[in-house]
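# Structural overview for review
So you can see what is in the structure, the chains are spelled out below.
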Amino acid sequence: MTTLKTKQALPADGQLASASADTATRARHTPLVPSAGSRRVWLTLLGWGIALIIFFPILWMVLTGFKTEAEAIADPSLIFSPTLESYIAVQARADYFKFAMNSVVVAFGSTLLALAIAIPSAYAMAFLPTKRTKGTLLWMLSTKMLPPVGVLVPIYLLFRDFGLLDTRTGLIIVYTLMNLPIVVWMLYTFFKDLPRDILEAGRMDGASTFQEVIYLLLPLTLPGIASTGLLSVILSWNEAFWSLNLTSSSAAPLTAYIASFSSPEGLFWAKLSAASTMAIAPILVFGWLTQKQMVRGLTFGAVK
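Before going into details, it helps to say that this report is about the structure given with it. (Residues numbered from 1 in each chain as written. Predicted model: local features only at pLDDT ≥ 70, side-chain atom pairs only at ≥ 80, totals over all residues. Heavy atoms only, no water.)

## As for helix 2 (residues 36-65)
With 30 residues, helix 2 should reach 44 Å at 1.5 Å per residue; the first-to-last C-alpha distance of 43 Å fits that figure. Residues of helix 2 that are buried: Met-61, Thr-64 and Gly-65. Residues of helix 2 that are buried in the fold lie against helix 3 (69-74), helix 4 (85-93) and helix 14 (269-289). (Helix = DSSP H or I, 4+ residues; strand = E, 2+ residues; numbered from the N terminus. Expected span 1.5 Å × (residues − 1). Buried < 20%, exposed > 50% of the residue type's maximum accessible area, 1.4 Å probe, protein only. Contact = heavy atoms within 4.5 Å.)

Structure below.
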């Protein structure tokens, strides 16, 4: 029985050498690109590392608040017997809720006033610009470069003459002026990204300027306005310079409350940490609950 064998055509020696050279060249020049899964893992680890570095001082402050003064100074360990001694001493020294209410009223009051002033201003600059618009925006931003201590004396004298020292009204006015440039700039960028055709359609339908702002501009830019307001609240809540210099007891916010635990006798680390924890707890909870609105507003208009 005869077996037929099919002969396969083999490449020539020159072709084999050429193919081997091409394969070696590709292997030599192909970069070692990590896979998508490994990149995701490394980015996740990097994000957690940065978060831990940022959060660790807050964690250390919270833990120190549950120590005694002796442990806070001498024992840096993370393992200890927690106690509420510092929190009880802090509350016994001053009424925490009074300072917290001052912070809430001043922070939200100054934010509402800043938004009430900034929305019409940003609308005019975004949709009715003039030759001086850019110069005005730059001038407003330049006021943030001025050290607050440079205008402390004239503002203090004005507040003394108008009876605004140690009042919530005085702090609301100062905080509004402090945050107004940032609020106007942020709202200006949000309004600038809004298509003009929408407002022009409203004008063609007979809408007045007030109706245009209320029924068209504000609903369409609500995420940007919300993030601007949240940022203004946080900045007002953390402001310490003006509260320490313009208040004493009646209108003092939580920043003045924290500073009261620094005395000529020294720093009471446990009590200071307890007071700081109580001061930042409301704004941390507020920021956690509103983080989605903050991110949504800050990315408003970024993707068309």
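Read on for the rest.
## What to know about the nonpolar core
Nonpolar side chains in soluble globular proteins generally cluster together in the buried interior. In this structure, Tyr-123, Phe-127, Val-184, Leu-187, Phe-191 and Leu-217 are the most contacted members of the largest nonpolar core, which totals 24 residues. Considering each element in turn, this core owes the most residues, nine residues, to helix 5 (residues 96-127). Ignoring anything within four residues of it in the chain, the contact list for Tyr-123 reads Leu-128, Phe-191, Leu-199, Arg-203, Thr-209, Glu-212, Val-213 and Leu-217. Membership of the second largest hydrophobic core comes to 20 residues, among which are Val-90, Tyr-96, Ala-100 and Leu-254. (Core = buried A, V, L, I, M, F, W, Y, C linked by side-chain atoms within 4.5 Å.)

## Regarding the layout of surface pockets
Put simply, the largest pocket is a space of about 530 Å³. Along the walls of the largest pocket sit 19 residues, with Thr-143, Val-151, Leu-177, Met-178 and Trp-242 positioned nearest its centre. When contributions to the lining of the largest pocket are tallied by element, the ones reaching two or more residues are helix 6 (133-142), helix 7 (152-161) and helix 8 (168-192). A breakdown of the residues in the lining of the largest pocket according to their chemical character gives 16 nonpolar, one polar and two charged. Estimated volume of the second largest pocket: approximately 330 Å³. Along the lines of polarity and charge, the residues of the lining of the second largest pocket split into six nonpolar, two polar and no charged. (1 Å grid on protein atoms, 1.4 Å probe; cavity = no way out; pocket = protein on both sides within 12 Å on 5 of 7 lines; lining within 4 Å. Points joined across faces, edges and corners; volume = space filled by probe spheres on them. Nonpolar A, V, L, I, M, F, W, Y, C, P; charged D, E, K, R; others polar.)

## Some words on the packing of helix 5 against helix 9 (residues 196-204)
One way to put it is that helix 5 packs onto helix 9 with a least axis distance of 12 Å and a crossing angle of 100 degrees. Considering the angle they form, helix 5 stands roughly perpendicular to helix 9. Here Tyr-123, Ala-126 and Phe-127 of helix 5 come into contact with helix 9, specifically with Arg-196, Leu-199 and Arg-203. Taken together, the residues of the contact of helix 5 with helix 9 break down into four nonpolar, no polar and two charged. (Axes fitted to C-alpha atoms, helices over the stretch in contact; angles between N-to-C directions. Parallel < 35°, antiparallel > 145°, perpendicular 65-115°, else oblique.)

## Looking at the side chain of Asp-166
By the element assignment, Asp-166 lies in the loop between helix 7 and helix 8. No salt bridge is formed by the buried Asp-166, whose closest oppositely charged neighbour, Lys-98, lies at an N-O distance of 7.5 Å. Looking at Asp-166, its side chain comes within polar contact range of the main-chain nitrogen of Ser-249, at 3.4 Å. Not counting residues up to four positions away in its chain, the partners in contact with Asp-166 are Leu-246, Thr-247, Ser-248, Ser-249, Ser-250, Ala-251 and Ala-252. (Lys, Arg positive; Asp, Glu negative; His and termini not counted. Salt bridge = Lys/Arg side-chain N within 4 Å of Asp/Glu carboxyl O. Polar contact = N/O pair within 3.5 Å; in protein donor to acceptor, adjacent residues only side chain to side chain.)

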